[in-house]
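Given next are the chains, with one letter for each unit.
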Amino acid sequence: MSGTGHAAAGRNRSAATGALLVIGDVVTDVVAQHRGPLAAGTDTAATILTLPGGAGANVACWAAHGGCTDVRLLGRVGADAAAWHERELTASGVRPLLVVDPEAPTGTVICLVDTGASAERTFLTDLGSTPQLEPGDWSSALLDGVARLHLSGYLLFSESGRALVSVALESARARDVQVSLDPASAGFLTQLGVDRFLALAEGVDILLPSRAEAFLLTGLPDPADAAAKLSRHVPLVVAKQGGDGALVARSGAVHARVPASPATPRDTTGAGDAFTGAFLAALLAGAEPEEAAVQGCRAGAMAVERAGGRPPTSG
C-alpha cells in the first residue's frame, strides 16, 4: 500500500470543500427497547419504534449533521420502502442515490436494546436488497466533485457487493479520491474471514473498526496493539472504543488516544456510525485525524442518548 499515514490522511486538502460519497446499506430498523433479560417463551414488555437505519445511511446522515454540505449516498432498497427512505435521507441533508430493486425488499434489522445501564444492543439482520448492490449500479461519474469515498463493510458480505467495491476503488484511485472503510460487523467478518477481508481492503486509505472488529482482524487482545497492527495494512486506522473513546494509529504505532465524550446511554445503535460520519465531515473541513476523532467522539456521545442510529433533523 503506497504512502505514509500522514500523506494518506492529508491528500486532497485542496479538495476539502468537495463532496462525500457513501456507498452502503439502507435498512429499516425496528428498535425494541426492553429492560433486563428477555423472558423466553412468553412476553417481555418493550417500547418498539420503526426508524430509518443502515450503517451506510447513518454515516451519511451524521456527516451532513457534522457540517458536510454535500453528502451523497448510493444504496439499494426495495420498492416497499424506497419513497420513505428517500424522504428521510433528504430531511437529514443527504442526497439519496437509491437504486430500487424490483424483487428484493428493503433490508430490515431488529435491534433489541436493553435499556439498563449499558444500553447494549443485539441485532437480527435481514439485509434484503442490500447485497444486490452491484457494479451495474456504479458509474465513475458518481465521483464527480467528490473528495472522499466511504464504503460500508456490509458491501463485502456478498459477491456482487465485493465486485462493486473493486470497481469503486479502481475509480477512486484513478481520481486520487480518499477511501475509507468501516468493517461494519464482527459477526459477518467471522464468516468472510480475516485474510479475505484484509485483501479486499487493499487500497483503502482509512480503516474505522470497532474494538471487537479490530480484535477479530488482528487476534490481539489489547486495543492499542490491535490498532497499531492494522495500521501496517492501512495507512490510517481509527479504532472506535465505545465508552473508551478512540485510538488513532499510523505506520504501526498509536499516535493519539482520544477520550470519549460524557454521555448517558439510552441506545448504542449507530454510535459507531455517528463517530464515522462526524469524523469524515471534520476531515473534509480540513481537520487533522486526531481533531476529527474528537468530533467523532462527540457525535457518538450524542447518538447513544437517542433512540435509533440517526441524528436529529430540523424537519
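Provided above is the structure to which this section pertains.
Cut-off values and rules
Residues numbered from 1 in each chain as written. Predicted model: local features only at pLDDT ≥ 70, side-chain atom pairs only at ≥ 80, totals over all residues. Heavy atoms only, no water. Helix = DSSP H or I, 4+ residues; strand = E, 2+ residues; numbered from the N terminus. Rg over C-alpha atoms; globule rule 2.2 N^0.38 Å. Buried < 20%, exposed > 50% of the residue type's maximum accessible area, 1.4 Å probe, protein only. Lys, Arg positive; Asp, Glu negative; His and termini not counted. Charge placed at Lys NZ, Arg CZ, Asp CG, Glu CD. Axes fitted to C-alpha atoms, helices over the stretch in contact; angles between N-to-C directions. Left-handed = near helix turned anticlockwise from the far one by under 90°. Contact = heavy atoms within 4.5 Å. Core = buried A, V, L, I, M, F, W, Y, C linked by side-chain atoms within 4.5 Å. Disulfide = S-S within 2.5 Å. Nonpolar A, V, L, I, M, F, W, Y, C, P; charged D, E, K, R; others polar. Pairing = 2+ DSSP bridges. Phe/Tyr/Trp six-rings, centres within 6.5 Å; stacked < 30°, edge-to-face > 60°. Expected span 1.5 Å × (residues − 1). Salt bridge = Lys/Arg side-chain N within 4 Å of Asp/Glu carboxyl O.

Draft legend 1. Local environment of the overall build of the protein. Across its full length, the protein carries 10 helices and 13 strands. In terms of overall size, the protein behaves like a compact globule, its C-alpha atoms giving a radius of gyration of 18 Å where 315 residues would be expected to give roughly 20 Å. Its C-alpha atoms give the protein principal-axis dimensions of roughly 55 × 45 × 40 Å. Sorting the 315 residues of the protein into buried and exposed places 53% on the buried side. Counting 23 positive and 32 negative side-chain charges, the protein places the centres of these two groups 5 Å from one another.

Draft legend 2. Representation of the packing of helix 9 (residues 271–284) against helix 10 (residues 289–304) within the structure. The interhelical angle for the contact between helix 9 and helix 10, taken along N-to-C directions, is 145°, at an axis separation of 7 Å. Considering only the axes of helix 9 and helix 10, their crossing is right-handed. Of helix 10, the residues touching helix 9 (which contributes Ala271, Ala274, Phe275, Ala278, Phe279, Ala282 and Leu283) are Pro289, Ala292, Ala293, Gln295, Gly296, Cys297, Ala299, Gly300, Ala303 and Val304.

Draft legend 3. Looking closely at the nonpolar core. Ile23, Trp138, Leu149, Leu151 and Phe197 are the most contacted members of the largest nonpolar core, which has 43 residues in total. The element contributing the most residues to this core is helix 4 (residues 159–174), with five residues. Setting aside anything within four residues of it in sequence, one finds leucine 151 in contact with Ile23, Val165, Leu169, Val179, Ser180, Leu181 and Asp182.

Draft legend 4. Main features of the state of the cysteines. Under the criterion given, the structure shown has zero disulfides. Take cysteine 61: it sits in no disulfide, and the sulfur closest to it among the cysteines is that of cysteine 68, at 12 Å. Residue classification places cysteine 61 among the buried residues on the basis of a relative accessible area of 0%. Just so you know, cysteine 297 is unpaired, no disulfide at all, and the nearest cysteine sulfur is the one on cysteine 68, 19 Å from it. For cysteine 297, a relative accessible area of 7% gives the class buried.

Draft legend 5. Broad picture of the packing of helix 7 (residues 211–218) against helix 8 (residues 223–230). For the pair helix 7 and helix 8, the least separation of the axes is 9 Å and the interaxial angle reads 65°. You can see that helix 7 and helix 8 cross each other, and the crossing is left-handed. For the pair helix 7 and helix 8, the contacting residues are Arg211, Ala214, Phe215, Leu217 and Thr218 in the first and Pro223, Ala226, Lys229 and Leu230 in the second. The residue makeup of the contact of helix 7 with helix 8, split by class, is six nonpolar, one polar and two charged.

Draft legend 6. Quick peek at the sheet that holds strand 13 (residues 253–258). If you walk across this open sheet you meet the nine strands as 5-4-1-8-9-10-11-12-13, and the pairing is mixed. Two strands lie at the open edges of the sheet, namely strand 5 (94–101) and strand 13, each paired on one side alone. In this structure, strand 1 (residues 19–23) lies alongside strand 4 (residues 71–78), joined through four bridges in parallel fashion. Looking across to strand 4, one finds that leucine 20 is bridged to valine 71. The sheet strands contacting helix 3 (residues 82–91) are strand 4 and strand 5, and the helix crosses strand 5 at an angle near 170°.

Draft legend 7. Just the packing of aromatic side chains, in detail. The full count for this structure, using the stated rule, is four aromatic pairs. Ring plane angle 85° and centroid distance 6.0 Å describe the contact between tyrosine 154 and phenylalanine 157, whose orientation is recorded as edge-to-face. Here the two residues tyrosine 154 and phenylalanine 157 agree in accessibility, since each one is buried.

Draft legend 8. Molecular detail of the pairing of strand 1. Counting buried positions over the five residues of strand 1 gives five, a clear majority of the element. Side chains Ala19, Leu21 and Ile23 project from strand 1 onto one buried face, and the interleaved Leu20 and Val22 project onto a second face that is buried too. In this structure, strand 1 lies alongside strand 8 (residues 146–152), joined through five bridges in parallel fashion. Within the sheet, the bridge partner assigned to leucine 21 lies in strand 8 and is leucine 149.

Draft legend 9. Spatial organisation of helix 9. End to end, helix 9 covers 20 Å across 14 residues, agreeing with the expected 20 Å (1.5 Å per residue, within 8%). Most of helix 9 is tucked away: 13 of the 14 residues are buried. Glycine 286, located one to two residues past helix 9, shows a positive phi value of around 105°.

Draft legend 10. Examining the sheet that holds strand 3 (residues 47–53) more closely. An order of 3-2-6-7 is seen for the four strands of this open sheet, with the pairing classed as mixed. Whereas interior strands pair on both sides, the edge strands pair on one side only; in this sheet they are strand 3 and strand 7 (121–126). Ignoring strand direction, the axes of neighbouring strands in this sheet form an average angle of 20°.

Draft legend 11. Region of interest: the pattern of salt bridges. Counting across every chain of the model gives eight salt bridges. Where aspartate 101 meets arginine 76, a salt bridge forms, and the shortest distance between an N and an O atom there is 2.8 Å. Separated by 25 residues along the polypeptide, aspartate 101 in strand 5 and arginine 76 in strand 4 bring together distant segments of the chain. In this structure aspartate 101 comes out as buried when scored by relative accessible area, which is 6%. Salt bridges here are not isolated pairs; linked through shared partners, they connect Asp70, Arg72 and Arg95.

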